[in-house]
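The residues making up each chain are set out below.
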Amino acid sequence: MITIHGTWYDGSTSLQRPAVLTVLPTGAARVGTADSDSPLLEQHRLTARVSDRLAHTPRVLTFPGGASFETQDNVAVDTVVKTYLKPHWSLWVHLLESRLRYVLPAVILVILVMAATIRYGVPAAADLIASHLPASAYSLADRQALKALDRIAFKPSELPPDTEARVRGSMQDCVDAHGAYDITLVFKKGGPLGPNALALPGGTIIFTDELVEVAEHDEELTAILAHEVGHVVHRHGMRRMVQSSLLSFAAMVLTGDASGVSEIFLGLPVVLTELAYSREFENTADQYALDYLKSAGIPPARFADILTRIDKTSRHEAENGKTSWTGYLSTHPPTPERVKMFLQENGPVAQEDAPL
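Basis of the calculations
Here the residue numbering is sequential within each chain, running from 1 through the sequence in written order. Reporting of local features is limited, given that this is a predicted model, to residues whose pLDDT is at least 70; pairs of side-chain atoms are given and counted only at 80 or more, and all residues count toward the totals for whole chains, interfaces and linings. Derived side-chain values reflect all non-hydrogen atoms in the structure, with water molecules and hydrogen atoms excluded from consideration. The secondary structure listing takes helices from DSSP runs of H or I that are at least 4 residues long and strands from runs of E that are at least 2 residues long, numbered from the N terminus. Summary of the burial criterion: residues with accessible area below 20% of their type's maximum are buried, those above 50% are exposed, and those between are partly exposed, where the area comes from a 1.4 Å probe applied to protein chains only. Any two residues whose heavy atoms approach within 4.5 Å are treated as being in contact. In this analysis, strands are considered paired if DSSP registers two or more bridges between them. Residues grouped as a nonpolar core are buried Ala, Val, Leu, Ile, Met, Phe, Trp, Tyr and Cys residues, joined through side-chain atoms within 4.5 Å. A pair of Phe, Tyr and Trp rings is counted when the ring centres sit within 6.5 Å of each other, with Trp represented by its six-membered ring. The angle between the planes then sorts it: under 30 degrees is stacked, over 60 is edge-to-face, the rest tilted. Under this definition, polar contacts are N or O atom pairs within 3.5 Å; protein pairs additionally need one hydrogen-donor-capable and one acceptor-capable atom, and for neighbouring residues in sequence, both atoms have to be side-chain atoms. Axis geometry follows a simple rule: fit a line to the C-alpha atoms, using only the stretch in contact for helices, then measure angles between N-to-C directions, giving values from 0 to 180 degrees.

Draft legend 1. Seen up close, the overall build of the chain. A tally of helices and strands in the chain yields 14 helices and eleven strands. For the chain, the proportion of its 356 residues judged to be buried stands at 41%. Expressed as a percentage of contacts within the chain between residues at least 6 apart in sequence, the contacts between residues at least 24 apart total 59%.

Draft legend 2. View of the pairing of strand β7 (residues 68-71). Sheet topology places strand β1 (residues 2-9) next to β7; three bridges connect them, and they run antiparallel. If you follow W8 over to β7, its bridge partner there is F69. Direction of pairing for strand β6 (residues 59-62) relative to β7: antiparallel, over a ladder of four bridges. Residue pairing in the sheet places V60 in a bridge with E70 of β7. The antiparallel hairpin formed by β6 and β7 contains five residues in its connecting segment, where G65 sits at a positive phi of about 105 degrees.

Draft legend 3. Structural context of the nonpolar core. Counting 36 residues, the largest nonpolar core has L185, I205, F207, L221 and L225 as its most contacted members. Among the elements that take part in this core, helix α7 (residues 218-233) stands out by supplying eight residues, more than any other. Excluding anything up to four places from it in sequence, L225 contacts M171, C174, V175, L185, I205 and F207. Ranked by size, the runner-up nonpolar core spans 22 residues in total, among them I4, W8, F63 and A76.

Draft legend 4. Region of interest: the packing of aromatic side chains. One pass over the full model with this rule turns up three aromatic pairs. Each ring, one from F187 and one from F207, has its centre 6.1 Å from the other, and the planes form 35 degrees; the classification is tilted. One end of the pair, F187, is in strand β9 (residues 184-189); the other, F207, is in strand β11 (residues 204-208), and 20 residues separate them in sequence. There is no split in this pair, since F187 and F207 are both buried. Seen in terms of ring centroids, F303 and F342 are 4.6 Å apart; in terms of plane orientation they differ by 45 degrees. Their pairing is tilted. With F303 in helix α12 (residues 301-319) and F342 in helix α14 (residues 336-344), the pair connects residues that are 39 residues apart, well separated along the chain. We note that F303, like F342, is buried.

Draft legend 5. Spatial organisation of the side chain of K188. Along the chain, the position of K188 falls in strand β9. In this structure K188 comes out as buried when scored by relative accessible area, which is 16%. The residues touching K188, leaving out its near neighbours within four places in the chain, are L146, D150, F154, K155, S157, I206, F207, T208, D209 and E210.

Draft legend 6. Geometry of the side chain of H217. Structurally, the position occupied by H217 is in the loop between α6 (209-214) and α7. A relative accessible area of 8% places H217 in the buried class. In this structure the side chain of H217 is engaged in a polar contact, spanning 3.5 Å, whose partner is the side chain of R302.

Draft legend 7. Seen up close, the sheet that holds strand β10 (residues 197-199). Spatially, four strands are ordered β8-β9-β11-β10 in an open sheet, and the strand pairing comes out mixed. With one partner strand each, in any of the chains shown, β8 (155-156) and β10 form the two edges of the open sheet. Bridge count between β8 and β9: two bridges; the pairing is antiparallel. In the strand pairing of β9, K155 is matched with K189. Set on the sheet, helix α5 (residues 161-176) makes contact with β9 and β11; between it and β9 the angle comes to about 145 degrees. Along the sheet face, α7 touches β9, β10 and β11 and points at about 145 degrees away from the line of β11.

Have a look at this one:
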């Protein structure tokens with residue numbers, strides 16, 4: 001026989017009474033008080049819903065009809081559950097939590113799972129989600145990002161009409177080769193972004209006036225366009241946006257703070273305007289640009305030439321205090337390996353090519 005002391009609640013009022021729960025070897029149960037022979041509850045077979053065990057907090061047995069019995073005697077309740085009721089999974093949780101030799105490996109396992117989820121799971125999920133989003137979602141992302149950029153950085157383009165027409169014409173073959181991706185060229189005055197190019201998820205590719213002015217050959221701009229098209233083809237912008245959202249939701253789940261959910265959506269245009277892609281994304285876009293340039297008969301060195309020129313110009317301006325922004329290289333971090341890759345694949349530059 002198991003005897004448990006606790007407090008009885010009838011389920012109809014807030015009245016509480018000291019009581020004793022007795023469970024017989026047959027499984028029959030009785031709840032009574034010390035000052036009365038009349039039982040508060042009798043069952044031929046114990047039937048109750050038992051609350052989970054959490055450290056030394058009181059346990060509650062809730063009976064059919066709403067009455068409940070609360071007790072601090074966790075050990076006795078565990079015995080009753082194991083003997084007369086179906087054991088609950090929380091007993092195993094308590095077992096693990098109460099033994100240090102289990103807690104430490106569990107903490108390490110949780111950290112490893114979280115790290116693997118962030119490193120591999122979230123990017124894979126983002127790629128899957130991005131590949132199944134409708135075209136309207138990409139168009140909306142482009143419009144929102146362009147609005148944000150116009151508000152914080154861009155001004156209307158000041159390129160002479162004939163210059164813009166010539167540059168558009170020189171890049172038209174690349175645009176036509178990617179008709180399925182709805183590539184749209186937009187020219188803007190870069191302002192604080194300086195010489196830059198940005199690929200938005202839906203196929204809008206922005207060139208700043210400053211980048212056009214830095215270029216010494218139209219093919220250099222086509223090389224940069226090919227790189228940005230690589231981001232569009234591989235959905236890097238949308239994948240990064242979805243990935244940031246998934247990480248924000250994960251943080252919300254872990255912290256239990258739902259107050260920032262709306263901020264996740266409000267901040268999506270900001271994510272798009274940053275476009276500081278990972279090294280993996282940049283390598284993929286570089287390889288895409290290299291393959292396109294070779295197939296189009298454009299010397300791959302055109303890409304290396306304009307990156308090197310932007311780098312020198314930006315460093316010179318930074319040293320003279322003219323700007324703290326490094327233009328294209330701030331969102332497309334160059335490395336010697338990137339430049340070297342394009343130089344190694346370089347073919348002869350045709351002398352009859354007309355420079356800018």
